[in-house]
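Working through the structure, step by step
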Amino acid sequence: MKDKAAELEATIRAIEALADRAVDLRREKDHLQAQLRMMEVENARLRARLSNYETNEIERRLADGVG
């Protein structure tokens, strides 16, 4: 009987540890998703700047007659 109780307690502790790990992994996933969203925003901002730069460069060349 004591062996069964000890086994059950060990199983419960293992399940609790897995549940704690699942919570940690969910938090990490949420953090990484937030970082990804920030990087996507920064990427879009940089792409817009590049596009604006390229447009300005083309306009400058056309104005200078460089073509």
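Throughout this document, residue positions are counted from 1 along each chain, in the order its sequence is written. Only residues with pLDDT of at least 70 get local features here, since the model is predicted, and only at 80 or more are side-chain atom pairs given and counted; chain-wide, interface and lining totals rely on the full set of residues. Note: side-chain values were computed over all heavy atoms of the structure, leaving out hydrogens and water.

Remarks on the overall build of the protein
The criterion, for reference: For helices the rule is a DSSP run of H or I covering at least 4 residues; for strands it is a run of E covering at least 2, with both sets numbered from the N terminus onward. A radius of gyration in this sense is built from C-alpha atoms; the matching globule rule multiplies 2.2 Å by the number of residues raised to 0.38. Burial classes follow relative accessibility: with a 1.4 Å probe on protein chains only, a residue under 20% of its type's maximum area counts as buried, one over 50% as exposed, and anything between as partly exposed. To measure how exposed things are, a 1.4 Å probe is used in the Shrake-Rupley method; for residues, cover is taken only from the protein chains shown. Charge assignment: positive for Lys and Arg, negative for Asp and Glu; neither His nor the chain ends contribute. A charge is said to be at NZ when it belongs to Lys, at CZ for Arg, at CG for Asp and at CD for Glu.
Helices and strands together make up the secondary structure of the protein, namely 1 helix and 0 strands. Whereas a compact globule of 67 residues would reach a radius of gyration of roughly 11 Å, the protein reaches 28 Å, over 25% beyond that. Over its C-alpha atoms, taken along the principal directions, the protein stretches across nearly 95 × 15 × 5 Å. Taken over 67 residues, the protein has a buried fraction of 1%. Accessible surface for the protein amounts to roughly 6,400 Å². Of this, 58% is attributable to carbon and sulfur atoms. Side-chain charges in the protein split into 13 positive and 14 negative, and the spacing between the mean points of these groups amounts to 1 Å.

So, the pattern of salt bridges
To be explicit about the condition: By definition, a salt bridge exists where a carboxyl oxygen of Asp or Glu is found within 4 Å of a side-chain nitrogen of Lys or Arg.
On inspection of all chains with the given rule, the structure shows 6 salt bridges. One salt bridge in this structure joins Glu-9 and Arg-13, with 4.0 Å as the shortest N-O distance. Note that Glu-9 and Arg-13 are positioned in helix H1 (residues 2-64) at a spacing of 4 residues, about one turn of the helix. In this structure, a network of salt bridges that share partners links the residues Glu-57, Arg-60, Arg-61 and Asp-64.

Focus on the environment of Ile-15
In this structure, Ile-15 sits in helix H1. By relative accessible area, which is 51% here, Ile-15 ends up exposed. A C-alpha to C-alpha distance of 18 Å links Ile-15 and Arg-27, two positions 12 residues apart in sequence.

Description of H1
Stated formally: A helix is expected to reach a length of 1.5 Å times the quantity of its residues less one.
The end-to-end C-alpha separation of H1 is 91 Å, in line with the 93 Å expected for 63 residues at 1.5 Å each. Positive phi appears at Gly-65, one or two residues downstream of H1, with a value of about 75°.

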